[in-house]
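Residue-level structure breakdown
Read off the chains here:
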Amino acid sequence: MKNEISAMMDGELFEDEAESLLGRNKNDSSIRKNWAVYHLIGDVLRQPEHIHCDLSSKVRERLRDEPTVVAPRGRAVKQKMRTFALSAAASLSAVGVVAWMSLQISPEVAPQMAMQQSALRPASMQIRTNSNDYLMAHQEFSPSTVMNGSASYIRTVSYTREEAGPQSNPNEK
Amino acid sequence: MRLHVAFYGVLLALVAHAHAEEKSALDWLGVAAIAGHQTNYSGVFVYQYNDRVETSNLIHVTEAGSEYEKLVSLDGPKREIIRHDGQVWSYTHHQMVQMDSQQERSRFPFLLPEQLAALSANYQAKLLGIERVAGYNAQVLLFQPKDNLRYTHKMWVHTDSGLLLKAAVLSEKNQVAEQYAFTQLQIGGQIDRSWLKLSDMAGLHDKGLHHSPETDKTAKEITRINSGWVADMLPTGFKKTMEILREMHGKHAPVTQMVFSDGLSAISIFIEPNDEDEDDVEGLSSRGAVSLYRKILDKNLITVVGEVPPRTVMQVLDSVRFNGK
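Bear in mind the structure is a predicted one, so any value in this text is a computation, not a measurement.

Attention now goes to the sheet that holds strand β12 (residues 222-224) of chain B. Residue and element names in this part refer to chain B. A sheet is described by the order of its strands in space; here 7 strands give the open sequence β12-β14-β15-β16-β19-β18-β17, paired in antiparallel fashion. At either margin of the open sheet sits one strand with a lone partner, and together these are β12 and β17 (283-287). Across the sheet, the mean angle separating the axes of adjacent strands is 20° when strand polarity is ignored. The sheet contacts of helix α6 (residues 310-318) involve β16 (266-273), β17, β18 (290-297) and β19 (300-306), and relative to β18 the element is tilted by about 25°.

Bringing helix α2 (residues 25-38) of chain B into the picture now. Residue and element names in this part refer to chain B. Here α2 contains 14 residues, and its C-alpha end-to-end distance of 20 Å stays within 8% of the 20 Å for a straight helix at 1.5 Å per residue. Taken across its 14 residues, α2 has 11 buried, putting it largely inside the fold. Along α2, the residues that are buried comprise Ala25, Trp28, Leu29, Gly30, Val31, Ala32, Ala33, Ile34, Ala35, Gly36 and His37.

Attention now goes to the pairing of strand β15 (residues 255-261) of chain B. Two faces belong to every sheet, and in a regular strand the side chains alternate between them. Residues and elements named next belong to chain B. Burial within β15 is extensive, with 5 of its 7 residues counted as buried. Sheet topology places strand β14 (residues 239-246) next to β15; 7 bridges connect them, and they run antiparallel. Looking across to β15, one finds that glutamate 243 is bridged to methionine 258. When β15 meets β16, the two strands line up antiparallel, connected through 6 bridges. Its bridge partner being in β16, threonine 256 is matched across the sheet by isoleucine 271.

All names here are of chain B. If you look at the biggest cluster of nonpolar residues, it comprises 80 residues, and the most contacted ones within it are Ala32, Val157, Ile267, Ile269, Val304 and Val313. If you count residues domain by domain, this core takes at least three from each of domain 1 (2-211) and domain 2 (222-322). For isoleucine 269, the contacting residues outside a window of four places in its chain are Ala231, Met258, Ile302, Val304, Val316 and Val320.

The subject of this paragraph is the environment of glycine 263 of chain B. The topology assignment puts glycine 263 of chain B in the loop between β15 and β16. Taking C-alpha positions, glycine 263 of chain B is 8.9 Å from asparagine 122 of chain B, a pair spaced 141 residues apart along the chain. Residues in contact with glycine 263 of chain B, not counting those within four places in the same chain, are Pro143 of chain A together with Gln115, Leu116, Ala118 and Leu119 of chain B.

Residue and element names in this part refer to chain B. Looking at the element boundaries, glutamate 243 is found in strand β14. Overall, the presence of 18 C-beta atoms within 10 Å leaves glutamate 243 in the partly exposed class. Sequence separation between glutamate 243 and phenylalanine 260 is 17 residues, and the spatial gap between their C-alpha atoms is 9.1 Å. Among all residues touching glutamate 243, those that are not within four sequence positions of it are Arg224, Ile225, Asn226, Ser227 and Met258.

Attention shifts here to the pairing of strand β11 (residues 176-187) of chain B. Residues and elements named next belong to chain B. By the bridge criterion, 9 bridges tie strand β1 (residues 41-49) to β11 in an arrangement that is antiparallel. Its bridge partner lying in β11, tyrosine 47 is registered against tyrosine 180. One ladder, built from 5 bridges, connects strand β10 (residues 164-170) with β11; its direction is antiparallel. The partner of alanine 168 across the bridge, within β11, is glutamine 179. Where β10 folds back on β11, the antiparallel hairpin that results is connected by 5 residues, among which asparagine 174 adopts a positive phi of roughly 60°.

Rules used in this analysis
Residues numbered from 1 in each chain as written. Chains lettered and ligands numbered in written order. Predicted model: local features only at pLDDT ≥ 70, side-chain atom pairs only at ≥ 80, totals over all residues. Pairing = 2+ DSSP bridges. Helix = DSSP H or I, 4+ residues; strand = E, 2+ residues; numbered from the N terminus. Axes fitted to C-alpha atoms, helices over the stretch in contact; angles between N-to-C directions. Contact = placed C-beta atoms within 7 Å. Expected span 1.5 Å × (residues − 1). Buried ≥ 20, exposed ≤ 12 C-beta atoms within 10 Å, placed from the backbone. Core = buried A, V, L, I, M, F, W, Y, C linked by C-beta atoms within 7 Å. Domains from an automatic or database assignment.

Right, dumping it as structure tokens:
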């Protein structure tokens, strides 16, 4: 069993073997424990100074407290969702550990992580006014124009605050 | 002409249907799409996006089968949009520029049956009861996407005229990405029509507006093409509605534009030779519900624009490739 876990960590198990191991992992706490210990060993070997906490249980707890957003549709889907949720949880905790570790180890990795995360959040950058032509060209064929008529063109002529200041003409009526 | 007769037939049927029995959310959407183009109205609406609110005046008149619309911003620098059927002029920075001239567009753009079908495949449509907007009773419609690659759309449709009184686009966490709402609206009656004759270019010339040398070039050439560019990762239900080669303001070479729509929102992909203009900043930006993502791919500048979440425009752009000869 331990050999199997070790092989899987090294990516040396075939897909079906890995799946059966993961399946057993769900029900058997000793396998889970071994899995965690092996990772801890690996981490300690790589970075002895910085291993002092186990994030995975905390992440798991937080995930458990999260409300499930997706409404299940029938049993098959439910089953699938559970697998998804599990793999999501696994990858989340992995990201958690990696992010934390990279902050500890090499500062130059941190900005990269930050960049990737910001890409997942809604864009905070405002569309620049020199892109208005693209917006206008898009608007022309968008169903939102069918529904809102010219009202949706207001998007394309919106101005930025910076622009509103110096460029607006006081003589304008 | 026969088409128009058929069209009015459909309209009458829809209106009759409206009074006869309970309408579904899709029926209401169809009614609103038609009413918005057929009704004469004038009013003030607010457009709220990000942390900002802008107020504008909107007049819409249908005369002799033609549609005229004038939008004037009431805050900030004066911006004005005049639309006559498929032609759009924009007045900003003291310049009147013709933006669009799409002759082919039907005079009453209408939600096509296949668009409605795509819509119900990708959104859960719901009726949410009656609310009051700008003093009118409105039927509330909700369109919730079945995946996280598009936004939720909420609409308030006037129960009598079918006009869209308010429209909100909501992000995943039910935060308002943007919304339009009339705060004051006059439907029918005496509406100012003095500006109607200004909406042909001759009128604009007479008014003594400047024309930059480029302006004449922006009387756009639009050619339908098959460019050979494809995007493999469009969200399901987005069908190509248009692929054209167009002139664009300030661009030396014609730009390829592909438009995909799922019935409620659209994604445009623009492809042009990269002229290394420093103004064309790569990356992600947004305004209200519109996301824009731009990247240089080999020697081409690709811009993806749509009323979809940022992750969708990124996913689409990253899947763009040339599949032609």
